[in-house]
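Letter by letter, the chains look like this.
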Number of protein chains: 2
Amino acid sequence: MAVDHQTQLLSKIAIGDGHAEASPYFDGWKAYDEDPFHPTNNPNGVIQMGLAENQLTSDLVEDWIVSNPEASICTPEGVADFKAIANFQDYHGLPEFRNTVAKFMGRTRGNRVTFDPDRVVMSGGATGAHEVVAFCLADPGDAFLVPIPYYPGFDRDLRWRTGVQLVPIKCESSNNFKLTRQALEAAYEKAKEDNIRVKGVLITNPSNPLGTVMDRNTLRTVLSFINEKRIHLVCDEIYAATVFSHPSFISIAEILEEDTDIECDHDLIHIVYSLSKDMGFPGFRVGIIYSYNDAVVNCARKMSSFGLVSTHTQYLLASMLSDEDFVERFLQESAKRLSQRYRVFTSGLAKVGIKCLQSNAGLFVWMDLRHLLKKPTFESEMELWRVIIHEVKINVSPGSSFHCPEAGWFRVCHANMDDRAVQVALQRIRNFVLQNKEVNKKPCWQSNLRLSLKARRFEEIMMSPHSPIPRSPLVKATN
Amino acid sequence: MAVDHQTQLLSKIAIGDGHAEASPYFDGWKAYDEDPFHPTNNPNGVIQMGLAENQLTSDLVEDWIVSNPEASICTPEGVADFKAIANFQDYHGLPEFRNTVAKFMGRTRGNRVTFDPDRVVMSGGATGAHEVVAFCLADPGDAFLVPIPYYPGFDRDLRWRTGVQLVPIKCESSNNFKLTRQALEAAYEKAKEDNIRVKGVLITNPSNPLGTVMDRNTLRTVLSFINEKRIHLVCDEIYAATVFSHPSFISIAEILEEDTDIECDHDLIHIVYSLSKDMGFPGFRVGIIYSYNDAVVNCARKMSSFGLVSTHTQYLLASMLSDEDFVERFLQESAKRLSQRYRVFTSGLAKVGIKCLQSNAGLFVWMDLRHLLKKPTFESEMELWRVIIHEVKINVSPGSSFHCPEAGWFRVCHANMDDRAVQVALQRIRNFVLQNKEVNKKPCWQSNLRLSLKARRFEEIMMSPHSPIPRSPLVKATN
């Protein structure tokens, strides 16, 4: 009994680390953090394009805040509510907050569907929401089927503490990574062969990293599939309001309401939502679980005690999101700015022959650099990635970190910076491509002319998509 | 493979519920929520004395907020930082926040010890902190030894999703519920007999529900014990700053620094802290894990992704807690007001012959009603509790919900109300006691003269100490 548990503890942590330890998705952050770009102070630094942040509309929010001092408990106009709000600890959340979030969810889905505030459950970001749903639906060893490429954080959020497994559903570039019935079946059968109990399918719509939305037929296919198999469907819709052009976003909620020809047990459907991407508030840790299953709502609400949203933040957002004019203006302007940014960035890339997957959502593009690979392998992808980060000095995320089944794809975020930084990034990419064309038919870095890269140790930096080095954004801002 | 998982899901939720399902600790909330006391609108309603909230010093915080508008990102003076703060998502937290929290932890321990900001890990309240520590230290089936009586939320926080067990360490009223070496050994041996692997001891100092602090000798005993057994020690110190009179609070950190004659492996020591009780901010969900073990710091920080503190709140608190003059004034005034409240309440009870355990901390008293029990059983305790809540109309928490080994004790919170409400509560208790004395030598409710209580169904209300019925504090305030 009296054993030294430290070794066990370390091995336990290592299991957690193992879920993402060699991921360049996380590794690239270090290069950025050590040498961050700044237009005047460090113009040759690394540009952070690995971060799916939405910074294009902060000014709208700031204007609203200054015009609505009563929305905060930290102003003379709002402080009278400070005591009640600071002490409020009901895990249902402020009723005003749940009501406005439900309404906002409807609005970001084009008001074609309504959400019941009593089914809105809070959690610590989408990170916490996914874990809670996994805890509710699965036991250790059970699995969810997930189309690849998928967000690397799922390997931590859904698996680490729950013991749940993720089984890839293979989607291919030849088909624009579309999810098919055949791929669903294949993944399901593979799991069955491996004696893995499948508890559900997890889809991300709009897709991270693809930036695409699922069409109605695909959603119908998924719905039919999970109903036939009697398994759950978890829909991550955290990028709902980032759709900036046609085709418009279709929530699973719409299919449930409208496509009544499909037999569907609503108890199997669960939506994960968040305000991190659509509003640009990742620091506020607002995750939402919306389940059509009463037992899941009940269970998730109890579990939400581990990751409630600060009432300080709930109060502010309840007020902000209840201003329908503001919400309308914000969403329209956000889509407009995202569309503009997408156009500028992809057309800049197109000028030097770089294509991206056609997309209309998200805070990123899925860039196709297959033609720049030495060989169509993930080793070559990593080699190219190292060049991009250390020579071109842009932090992007290679497809392999998203479990992409094909080498040569990169996710490039473009909404976390201003126009100037985008232009600098485009210029760097242009220089890189043109230089290679001029010097050599083969890209220069392939002929090893310029490179003397030290073999970089793939340090285990972190399990989290959050930045690994403690740095104050305030210090950053004044650097 | 294709099974209906709904039954499994329901049974899973039931397991969670089972951890606290018949607890009157939670049940009493319903009676309060259905008929809450209000001095003018509902003067005969139930007074909530089951809630360990610290509302005595909100005015000091409100004054500070109005005088320091730059501390909030929601004022014209602070809004320039809104974008950076809303987007900040580093799981280390704002450096300013960690630094000031470390300093505040030192201050609430009399500045006799210093804390390293790099060991401060955030979590979703103490609720989240306890779960993270359990996840880090133990595997399903492993156990922590916990002195009884203890906070009922531990049955959820530490056990539900981790599969960890809690083994009671028996403390007795004859010894003022003091923790002894003998009791520690007995609990440890019992677990051993039952083939349970003990991973640690969990102590709450200052104690909830007792309101007492541990003396140096007891802390030394615990430290020696866990070192001999090579098990961990988790110290819940969330009531550190509620100590309002001598003897002063001694943190485990002090013993580690000062009592160097005890052999102690610092890797075994972990502190759980929070701003919910000491500052009166339970809604803000600020939990802290402070571990002396690098591996635990590392692991807990990764797990903190599931329950980070909102940066909106971090920013405010970093500024507030860095104002050393304010902190000093706040802590002194808080202790003064708690002391005054304790004196008023306990002397009011003493006048009608009700004693409390002598204490000097916490937001409650441990009231001794053993003389009012029909029999010295928990059935009688529950019978008395029903009278208190439905006839006396005060929601208190019976000792059985804290796993108290002896019937007749009740935890009564007194810091979540104003002076008027305290006087009303005291008057009701007086009336109850005196009425019983006059009418009958035996308390009237024992002779069934007045009571026609319906057998109340002990509904499973909740697993959480948070209020079960969604109600806006704003609506409450204007009722």
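Residues numbered from 1 in each chain as written. Chains lettered and ligands numbered in written order. Predicted model: local features only at pLDDT ≥ 70, side-chain atom pairs only at ≥ 80, totals over all residues. Heavy atoms only, no water.

- An unreviewed UniProt entry annotates chain A as 1-aminocyclopropane-1-carboxylate synthase of Clitoria ternatea.
- If you open the UniProt record of chain A and go to Cofactor (unreviewed entry), you find "pyridoxal 5'-phosphate". (UniProt positions renumbered as here; feature names shortened; annotations may be inferred.)

## Focus: the overall build of chain A
1) Next: Counting secondary structure elements, chain A contains 16 helices and 13 strands.
2) Next: With 479 residues in all, chain A has 65% of them scored as buried.
3) Next: Across chain A, every contact between residues at least 6 apart in sequence was considered, and the portion connecting residues at least 24 apart equals 75%.
4) Next: Accessible surface computed for chain A: about 16800 Å², of which carbon and sulfur atoms make up 49%. (Helix = DSSP H or I, 4+ residues; strand = E, 2+ residues; numbered from the N terminus. Buried < 20%, exposed > 50% of the residue type's maximum accessible area, 1.4 Å probe, protein only. Contact = heavy atoms within 4.5 Å. Areas by Shrake-Rupley, 256 points an atom, 1.4 Å probe, with all protein chains shown as cover.)

## Some thoughts on the pattern of salt bridges
1) Next: Tallying each qualifying case throughout the model produces 64 salt bridges over all chains.
2) Next: Between lysine 178 of chain A and aspartate 215 of chain A there is a salt bridge, with its nearest N and O atoms 3.3 Å apart. Here aspartate 215 of chain A lies in the loop between strand S5 (198-204) and helix H9 (216-229) and lysine 178 of chain A lies in the loop between strand S4 (165-170) and helix H8 (181-193), a separation of 37 residues in the sequence.
3) Next: Of the residues examined, lysine 178 of chain A reaches a relative accessible area of 39% and is grouped as partly exposed.
4) Next: Across the pair arginine 109 of chain B and glutamate 237 of chain B runs a salt bridge, and its minimum N-O distance is 2.9 Å. Remark: glutamate 237 of chain B occurs in the loop between strand S6 (232-236) and helix H10 (252-258) and arginine 109 of chain B occurs in the loop between helix H5 (95-107) and strand S2 (120-124); sequence separation between them is 128 residues.
5) Next: Taken together, the shared-partner salt bridges connect Arg216, Arg220, Glu258, Asp259 and Asp261 of chain A into one network. (Salt bridge = Lys/Arg side-chain N within 4 Å of Asp/Glu carboxyl O.)

## What to know about the UniProt feature "domain: Aminotransferase class I/classII large" (unreviewed entry) in chain A
1) Next: With numbering aligned to this structure, UniProt lists the feature "domain: Aminotransferase class I/classII large" (unreviewed entry) at residues 47-429 of chain A.
2) Next: Between the first and last C-alpha atoms of residues 47-429 of chain A the distance is 11 Å; the span itself is 41% helix and 15% strand.

## Overview of the side chain of asparagine 293 of chain A
1) Next: Within the secondary structure, asparagine 293 of chain A sits in the loop between strand S8 (286-291) and helix H11 (294-303).
2) Next: Here the side chain of asparagine 293 of chain A touches aspartate 267 of chain A through a polar contact of 2.8 Å, landing on its backbone oxygen. (Polar contact = N/O pair within 3.5 Å; in protein donor to acceptor, adjacent residues only side chain to side chain.)

## What to know about the environment of valine 46 of chain B
All names here are of chain B.
1) Next: Inspection of the secondary structure puts valine 46 in the loop between helix H2 (24-34) and strand S1 (47-48).
2) Next: Spatially, the C-alpha atoms of valine 46 and arginine 386 are 12 Å apart, while their sequence positions differ by 340 residues.
3) Next: Not counting residues up to four positions away in its chain, the partners in contact with valine 46 are Ala31, Tyr32, Asp35, Pro36, Phe37, Ile389, Lys393, Ile394, Asn395 and Arg428.

## Points about helix H14 (residues 378-392) of chain A
Residue and element names in this part refer to chain A.
1) Next: Under the 1.5 Å per step criterion, the end-to-end length of H14 is 19 Å for 15 residues, consistent within 8% with the ideal 21 Å.
2) Next: Taken together, the buried positions of H14 are Ser380, Glu381, Met382, Leu384, Trp385, Val387, Ile388, Ile389 and Val392.
3) Next: Count one or two residues on from H14 and you reach lysine 393, which has phi positive near 65°. (Expected span 1.5 Å × (residues − 1).)

## Some points on the packing of aromatic side chains
Residues and elements named next belong to chain A.
1) Next: Summed over the entire model, instances satisfying the criterion amount to 33 aromatic pairs over all chains.
2) Next: A ring pair is formed by tryptophan 366 and phenylalanine 402, whose centres lie 5.7 Å apart and whose planes are at 90°; its orientation type is edge-to-face. Placement of tryptophan 366 in strand S10 (residues 364-368) and of phenylalanine 402 in the loop between strand S12 (397-398) and strand S13 (409-413) is noted, with a sequence separation of 36 residues between them. Neither tryptophan 366 nor phenylalanine 402 differs from the other in exposure class; each is buried.
3) Next: Counting every residue linked through ring pairs, the aromatic cluster contains Phe177, Trp366, Phe402 and Trp409.
4) Next: Lying across the ring of tyrosine 273, arginine 109 places its NZ or CZ 4.6 Å from the centre. (Phe/Tyr/Trp six-rings, centres within 6.5 Å; stacked < 30°, edge-to-face > 60°. Lys NZ or Arg CZ within 6 Å of the ring centre and 35° of its normal.)

## Things to note about the nonpolar core
1) Next: Within the largest apolar cluster, 182 residues are counted, with the highest numbers of intra-cluster contacts made by Val201 of chain A together with Val201 of chain B.
2) Next: Discounting chain neighbours no more than four positions away, the residues touching valine 201 of chain B are Phe144, Leu145, Ile169, Leu184, Val222, Phe225, Ile226, Ile231, His232, Leu233 and Val234 of chain B. (Core = buried A, V, L, I, M, F, W, Y, C linked by side-chain atoms within 4.5 Å.)

## Digging into the confidence of the model for chain A
The predicted coordinates ought not to be read in detail in places where the model reports low pLDDT.
Residues and elements named next belong to chain A.
1) Next: A residue-level look at chain A finds 85% of positions with pLDDT of 70 or above and a mean pLDDT of 89.
2) Next: Considering only residues more than four positions removed or in separate chains, one finds that residues 447-470, a stretch of pLDDT under 50, has 76 contacts.
3) Next: Across the predicted assembly, pTM comes out at 0.90 and ipTM at 0.89. (pLDDT = per-residue confidence, 0-100.)

## A closer look at the sheet that holds strand S5 (residues 198-204) of chain B
Residues and elements named next belong to chain B.
1) Next: Strands sit in the order S2-S8-S7-S6-S5-S3-S4 across an open sheet of seven strands; the sheet is mixed. Looking at which strands have only one partner, the edges of the open sheet turn out to be S2 and strand S4 (165-170). Within the sheet, the average angular offset between the axes of one strand and its neighbour, ignoring direction, is 25°. (Pairing = 2+ DSSP bridges. Axes fitted to C-alpha atoms, helices over the stretch in contact; angles between N-to-C directions.)

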